[in-house]
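# Observations on the model geometry
The chain contents come next:
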Amino acid sequence: VQLVESGGGLVQPGGSLRLSCAASGFTFSSYYMSWVRQAPGKGLEWVSDISSGGGSRYADSVKGRFTISRDNAKNTVYLQMNSLKPEDTAVYYCNAQNFQRNYWGQGTQVTVSL
């Protein structure tokens with residue numbers, strides 16, 4: 001089983017990034033996919049999730065700025081992040097879960113700074 005995040009980097013406030021999480025080794029289409037972040041010195045914070053059917057939810061802190069999506073044909077989940085703020089700086093992790101299993105990626109760093 002692998003979850004491999006990519007797309008992080010350094011961006012100025014107001015900019016955009018698109019994170020990707022490529023999955024392998026399990027039946028991606030049947031799993032609930034989430035993005036979770038951890039800012040420096042802080043705990044894990046749930047950002048967004050998407051069901052196997054495509055229903056999505058967002059934390060209030062990112063609602064209206066971030067969009068989660070999934071491509072079951074490519075076994076990939078995305079997080080489009082717009083209007084980025086310095087407080088969005090964190091390591092972003094991809095998570096896959098069903099009623100029996102819970103998998104995590106290694107994370108990708110997002111830094112929002114001038």
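Bear in mind that the values here come from a model prediction, so they are computed numbers and not experimental data.

What follows covers the packing of aromatic side chains. Applying the stated criterion to the full structure yields three aromatic pairs. Ring plane angle 25° and centroid distance 5.9 Å describe the contact between Tyr31 and Tyr103, whose orientation is recorded as stacked. Of this pair, Tyr31 sits in the loop between β3 (17-24) and β4 (32-38) while Tyr103 is found in strand β10 (residues 102-104), placing the two residues 72 residues apart along the sequence. Ring pairing ties together the aromatic residues Phe26, Tyr31 and Tyr103, which thus form one cluster. A cation over an aromatic ring shows up here: Arg18 above the ring of Tyr78, its NZ or CZ 3.9 Å from the ring centre. Arg70 extends its terminal NZ or CZ atom over the ring of Phe28, reaching a point 4.6 Å from the ring centre.

It is worth spelling out the nonpolar core at this point. Judged by nonpolar contacts, the single largest core of 29 residues is most densely connected at Leu3, Met33, Trp35, Val77, Leu79, Met81 and Tyr92. Breaking this core down by element, the ones donating at least two residues are β3, β4, β5 (44-50), β7 (66-71), β8 (76-81), β9 (90-97) and β11 (108-112). With residues near it in sequence (within four places) discarded, Met81 still touches Gly15, Ser16, Leu17, Leu19, Arg65, Phe66, Tyr92 and Val110.

This next bit is on the pattern of salt bridges. In this structure the tally under the stated criterion is five salt bridges. Arg57 serves as the salt-bridge partner of Asp49, at 2.6 Å between the closest nitrogen and oxygen. With relative accessibility at 47%, the residue Arg57 sits in the partly exposed group. Connected via shared salt-bridge partners are Arg37, Glu45, Arg65 and Asp88.

About the cut-offs
- Residues numbered from 1 in each chain as written.
- Predicted model: local features only at pLDDT ≥ 70, side-chain atom pairs only at ≥ 80, totals over all residues.
- Heavy atoms only, no water.
- Phe/Tyr/Trp six-rings, centres within 6.5 Å; stacked < 30°, edge-to-face > 60°.
- Helix = DSSP H or I, 4+ residues; strand = E, 2+ residues; numbered from the N terminus.
- Lys NZ or Arg CZ within 6 Å of the ring centre and 35° of its normal.
- Core = buried A, V, L, I, M, F, W, Y, C linked by side-chain atoms within 4.5 Å.
- Buried < 20%, exposed > 50% of the residue type's maximum accessible area, 1.4 Å probe, protein only.
- Contact = heavy atoms within 4.5 Å.
- Salt bridge = Lys/Arg side-chain N within 4 Å of Asp/Glu carboxyl O.

Functional significance is not addressed by these values, which are geometric in nature.
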